[in-house]
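The residues making up each chain are set out below.
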Amino acid sequence: MALPFNPWLIAAMVMGLTFVIETLVVRHYGVAAVFITPLTLLLAEAAAFGQQSTTAVLQARFIDIVLGSVIGLIGGACIHSPRFRAAVSPWLRRLAPHRLLPPPR
């Protein structure tokens, strides 16, 4: 992001990264995710290239990734915990419309 990009190079990079992501995501999402972060940074900051501190952008992105990972970890732990599911299931059933619930056994 600190490099001097011209508009044509930015457009070419966006197209290239999008092509790589769309090609890889079908087979291996984990590998495609490696290319998603540079694309999102490029798209988010393309309008303000050279006008913003790259350190601040990278620090904000790092905090976003760490926070998202922690939330995902907590969510995964909750979903895979039988005790948590048993405790939350009645509450969630009351929130869900009856037509979406499976018939009682």
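Below, the discussion takes up the overall build of the chain. Tallying secondary structure elements over the chain gives four helices and zero strands in all. Going from N to C terminus, the chain has its helices and strands arranged as α-α-α-α. Here the analysis covers contacts within the chain between residues at least 6 apart in sequence; of these, 37% occur between residues at least 24 apart. For the chain, the accessible area works out to roughly 8,500 Å², and carbon and sulfur atoms hold 70% of it.

Once that is clear, we can look at helix 1 (residues 7–25). Its 19 residues place the ends of helix 1 27 Å apart at the C-alpha level, agreeing with the 27 Å of an ideal helix rising 1.5 Å per residue. Taken together, the buried residues of helix 1 touch helix 2 (29–45).

This part is about the nonpolar core. Grouped together as the largest cluster of nonpolar side chains are six residues: I10, V14, L17, I21, L39 and L42. If you list the elements that add at least two residues to this core, you get helix 1 and helix 2. Take this core: its biggest share by element is four residues, from helix 1. Every residue in contact with I21, bar those within four places of it in the chain, is listed here: A32, F35, I36 and L39.

This part takes up a nonpolar patch on the surface. Side chains of F62, I63, V66, V70 and I74 sit close together on the surface and give an oily, nonpolar patch of about 480 Å² of accessible area. Along the chain, F62 turns up in helix 3 (residues 54–79).

Direction vectors running N to C along helix 1 and helix 2 enclose 155 degrees, while the axes themselves pass 9 Å from each other. One element, helix 1, and the other, helix 2, form an angle in the roughly antiparallel class. Note on packing geometry: the crossing formed by helix 1 with helix 2 is left-handed. In this structure, helix 1 uses I10, M13, V14, L17, T18, V20, I21, L24 and V25 to contact helix 2, whose residues at the interface are Y29, V31, A32, F35, I36, P38, L39, L42 and L43. Its residues assigned to classes, the contact of helix 1 with helix 2 comprises 17 nonpolar, one polar and no charged.

Calculation notes
- Residues numbered from 1 in each chain as written.
- Predicted model: local features only at pLDDT ≥ 70, side-chain atom pairs only at ≥ 80, totals over all residues.
- Heavy atoms only, no water.
- Helix = DSSP H or I, 4+ residues; strand = E, 2+ residues; numbered from the N terminus.
- Contact = heavy atoms within 4.5 Å.
- Areas by Shrake-Rupley, 256 points an atom, 1.4 Å probe, with all protein chains shown as cover.
- Expected span 1.5 Å × (residues − 1).
- Core = buried A, V, L, I, M, F, W, Y, C linked by side-chain atoms within 4.5 Å.
- Buried < 20%, exposed > 50% of the residue type's maximum accessible area, 1.4 Å probe, protein only.
- Patch = residues over 30% accessible without salt bridge, like charges linked within 9 Å, V, L, I, M, F, W, Y side chains within 5 Å.
- Salt bridge = Lys/Arg side-chain N within 4 Å of Asp/Glu carboxyl O.
- Axes fitted to C-alpha atoms, helices over the stretch in contact; angles between N-to-C directions.
- Parallel < 35°, antiparallel > 145°, perpendicular 65-115°, else oblique.
- Left-handed = near helix turned anticlockwise from the far one by under 90°.
- Nonpolar A, V, L, I, M, F, W, Y, C, P; charged D, E, K, R; others polar.

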